[in-house]
Amino acid sequence: MKKIKASIKVITVIIIILIIYFGCGMIIKSSKKASEAKNINIMANLNDTELSELKKICKSWSNKNGVKVNIEKINDINNDLNTLKNNKKVDIILGISNEYTGILAKNKIVSEIPKGIIKNNEYLNKGIIDAGKYKGKEYGVPLFADTYALFYNKSLIPKVADTSEKLLEQAKAKGFEYDAKNLYYSYALIASNGGYIFKNNDGDFDTKKTGLGDEAIPGLKVIEFLAKNNIIAANINKSTALQDFKNGKIAFYVGDTKDLDEARKSGVNFGVSELPTINGKGAKSLMKVQESYVLKSSKNEKKSWDLIKYIQNDKNLSSLVKVDSRLPVKKSIKYSDEKMNAFVKQLKKSDPIPGIPEMAAVWKVSYNALDRMINGKITAEEAAQIMKNELEKEINTMS
């Protein structure tokens, strides 16, 4: 009987010890989880003006949700993004070009977007959604975008021709420059004549199907014609073209929204127009989309997505976009400025830069081919063949 009582006492002591041990452990874990849930850490690739506006938006959300939001500015995007895998101190990265989507998703650094965060019909075009996809899955939530449009000197050209054929006549007479060796800008002539970079299957870009081969020849022939007739030159890059436009030497320049301030400061009387029609259709351009992502390593994933959704509401996104003249991605955001509206019109007809690692090979191969063609060393047909063959080699090497 005494042995039984002793055994019961021992068992009771053990149970009490286990309750204390596991109970305290649960309290510690619960306490730790509660502590973590009160902080969301953001790394933002924004300028100081945008950063200040973002802090206001996040403070408003923080006050409503009782979660502190810490925001750190990204200074070196390539270096900072390299440190993200398994980084438990960062929950959200924001303002990142969609060009990084594939790298972030492939390396399992970012999470897929849960349902209810974005509504496809709210955006200016489907490509804006595709920009944040990798292999058809959504990872990036669009913030704002950029593409290019046609700057024109009103003193030299009072009105821009509405077709590429008529524009060509104006360009011959008054001057036209753009960074033709850069596929980003030459894409408008290539894509509007049937070419493309990779086949886009609803955000799944097929690297085995490139439109920079035979499909690109009609567009390349146009660029070749411009070079042979001295309308564009091989020694012109983005910087020299913008400088010539600011100095009033040329009537036309193909540039981005960030060129607006420089053009204004120069004193030149200028306007901005969407690209003229090509073959009776609106000219396509390439666009970059700045995205928001939530890291897989985040301990606050649910709250982080909630914060991103809050930033995305019409009022907040509008204030963030307009504070530094960014192109809106949503239909609901309106500009009264006619120059910005020209860019918005062009954005509606833009294709996204495929956010996949293989784009590094595309930029390299296309630049070399375009450079040689514009310098008269190869024909448009040869340039297309070189791009197709070299791109296949580069991609196979990457694989």
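Visitor: Is there a simple way to think about the overall build of the protein chain in this case?
Guide: When its secondary structure is counted, the protein chain shows 15 helices and 15 strands. In terms of overall dimensions, the protein chain has C-alpha extents of about 115 × 45 × 35 Å along its principal axes. As displayed, the protein chain has an accessible area near 19,900 Å², and 51% of this comes from carbon and sulfur atoms. Charge-centre separation for the protein chain: the mean point of 65 positive side chains lies 10 Å from the mean point of 46 negative side chains.

Visitor: Would you mind going over the pairing of strand E3 (residues 92-97) with me for this structure?
Guide: Looking along a regular strand, one sees the side chains alternate between the two faces of the sheet. Most of E3 sits inside the fold, with 6 of its 6 residues counted as buried. Of the strand pairs in this sheet, strand E1 (residues 39-44) and E3 are connected by 3 bridges, and their pairing is parallel. For Met 43, the partnering residue across the bridge sits in E3 and is Ile 93. In this sheet, strand E13 (residues 285-294) lies alongside E3 in antiparallel orientation, the contact comprising 5 bridges.

Visitor: Help me understand the nonpolar core, please; the structure alone is not making it clear to me.
Guide: Here is a general trend for soluble globular proteins: nonpolar side chains tend to be buried in one another's company. Of all hydrophobic cores here, the largest spans 73 residues; its most connected members are Ile 93, Leu 220, Ile 223 and Phe 252. Contact partners of Leu 220, with chain neighbours within four places excluded, come to Ile 190, Leu 370, Met 373, Ala 380, Ala 383, Ala 384 and Met 387. In terms of nonpolar packing, the next biggest core, distinct from the first, is built from 59 residues, Ala 145, Val 268, Trp 305 and Ile 333 among them.

Visitor: Where do I start with the side chain of Ser 285 in this structure?
Guide: With respect to the helices, strands and loops of the structure, Ser 285 is situated in strand E13. For Ser 285, the side chain forms a polar contact with the side chain of Thr 147, separated by 2.8 Å. Side-chain polar atoms of Ser 285 contact the side chain of Ser 350, separated by 2.7 Å.

Visitor: Just to check I follow, could you spell out the packing of helix H14 (residues 359-374) against helix H15 (residues 380-398) for this structure?
Guide: Packed helices, taken two at a time, are described by their axes: the angle between them and the distance between them. Relative to each other, H14 and H15 sit at 155°, their axes nearing to 9 Å. Judged by the angle between their axes, H14 and H15 are roughly antiparallel. Between H14 and H15 the crossing geometry is right-handed. For the pair H14 and H15, contact is made by Ala 361, Val 362, Lys 364, Val 365, Ser 366, Ala 369, Arg 372 and Met 373 and by Ala 380, Ala 383, Ile 386, Met 387, Glu 390, Leu 391, Glu 394 and Met 398, respectively. In terms of residue class, the contact of H14 with H15 is built from 11 nonpolar, 1 polar and 4 charged.

Visitor: Explanation requested: the sheet that holds strand E12 (residues 270-273) in the structure shown.
Guide: Strand pairing in a sheet takes place through backbone hydrogen bonds and is either antiparallel or parallel in direction. One open sheet accounts for 4 strands, arranged E8-E11-E7-E12; its pairing is mixed. At either end of the open sheet lies a strand with only one pairing partner, and these are strand E8 (176-177) and E12. Direction of pairing for strand E7 (residues 148-153) relative to E12: antiparallel, over a ladder of 4 bridges. Across the sheet, residue Phe 151 finds its bridge partner in E12, namely Val 272. Docked against the sheet, helix H7 (residues 183-191) engages E7 and strand E11 (252-256), running at close to 90° with respect to E7.

Visitor: I tried to follow the packing of helix H2 (residues 48-65) against helix H12 (residues 314-322) on my own but got confused; where do I start?
Guide: One can describe the packing of H2 onto H12 by two numbers: an axis separation of 9 Å at closest approach and a directional angle of 165°. Between H2 and H12, the crossing angle belongs to the class labelled roughly antiparallel. Here H2 runs over H12; the crossing is right-handed. Two secondary-structure elements touch here, H2 through Glu 50, Glu 53, Leu 54 and Ile 57 and H12 through Asn 316, Ser 319 and Leu 320. Considered class by class, the residues forming the contact of H2 with H12 number 3 nonpolar, 2 polar and 2 charged.

Visitor: So what exactly am I meant to see when it comes to the packing of aromatic side chains here?
Guide: According to the stated counting rule, one finds 11 aromatic pairs in the structure shown. Centre to centre, the rings of Phe 151 and Phe 270 are 5.8 Å apart; their planes meet at 10°, and the pair counts as stacked. Placement of the pair is Phe 151 in strand E7 and Phe 270 in strand E12, with a sequence separation of 119 residues. We note that Phe 151, like Phe 270, is buried. Among the aromatic side chains, those forming a connected cluster through ring pairs are Phe 151, Phe 245, Tyr 253, Phe 270 and Phe 343. The cationic tip of Lys 288 hangs over the ring face of Tyr 184; the distance from NZ or CZ to the ring centre is 4.9 Å.

Visitor: Looking at this structure, I do not really get the environment of Met 398. What am I missing?
Guide: Within the secondary structure, Met 398 sits in helix H15. A residue is classified by how much of its surface remains accessible, and Met 398, at 41% relative accessible area, is partly exposed. Along the primary structure Met 398 and Glu 358 are separated by 40 residues, whereas in three dimensions their C-alpha atoms are 7.7 Å apart.

Visitor: Please clarify how the pattern of salt bridges should be interpreted in this entry.
Guide: Between side chains of opposite charge, pairing is possible as soon as their charged atoms come close. Applying the stated criterion across every chain yields a total of 20 salt bridges. Put simply, Asp 371 and Lys 181 hold a salt bridge, and the shortest N to O gap is 3.9 Å. Of this pair, Asp 371 sits in helix H14 while Lys 181 sits in the loop between E8 and H7; the two residues are 190 residues apart in sequence, bridging distant segments of the chain. Here Lys 238 makes a salt bridge to Asp 256, at a shortest N to O gap of 2.9 Å. Taken together, the residues span a long stretch of sequence, with Lys 238 in helix H9 (residues 238-246) and Asp 256 in strand E11 at a distance of 18 residues. Via salt bridges that share partners, Lys 126, Asp 130, Lys 133 and Asp 202 belong to a single interconnected network.

What counts and what doesn't
- Residues numbered from 1 in each chain as written.
- Predicted model: local features only at pLDDT ≥ 70, side-chain atom pairs only at ≥ 80, totals over all residues.
- Heavy atoms only, no water.
- Helix = DSSP H or I, 4+ residues; strand = E, 2+ residues; numbered from the N terminus.
- Areas by Shrake-Rupley, 256 points an atom, 1.4 Å probe, with all protein chains shown as cover.
- Lys, Arg positive; Asp, Glu negative; His and termini not counted.
- Charge placed at Lys NZ, Arg CZ, Asp CG, Glu CD.
- Buried < 20%, exposed > 50% of the residue type's maximum accessible area, 1.4 Å probe, protein only.
- Pairing = 2+ DSSP bridges.
- Core = buried A, V, L, I, M, F, W, Y, C linked by side-chain atoms within 4.5 Å.
- Contact = heavy atoms within 4.5 Å.
- Polar contact = N/O pair within 3.5 Å; in protein donor to acceptor, adjacent residues only side chain to side chain.
- Axes fitted to C-alpha atoms, helices over the stretch in contact; angles between N-to-C directions.
- Parallel < 35°, antiparallel > 145°, perpendicular 65-115°, else oblique.
- Left-handed = near helix turned anticlockwise from the far one by under 90°.
- Nonpolar A, V, L, I, M, F, W, Y, C, P; charged D, E, K, R; others polar.
- Phe/Tyr/Trp six-rings, centres within 6.5 Å; stacked < 30°, edge-to-face > 60°.
- Lys NZ or Arg CZ within 6 Å of the ring centre and 35° of its normal.
- Salt bridge = Lys/Arg side-chain N within 4 Å of Asp/Glu carboxyl O.

Don't take any of this as a statement about function, it's just geometry.
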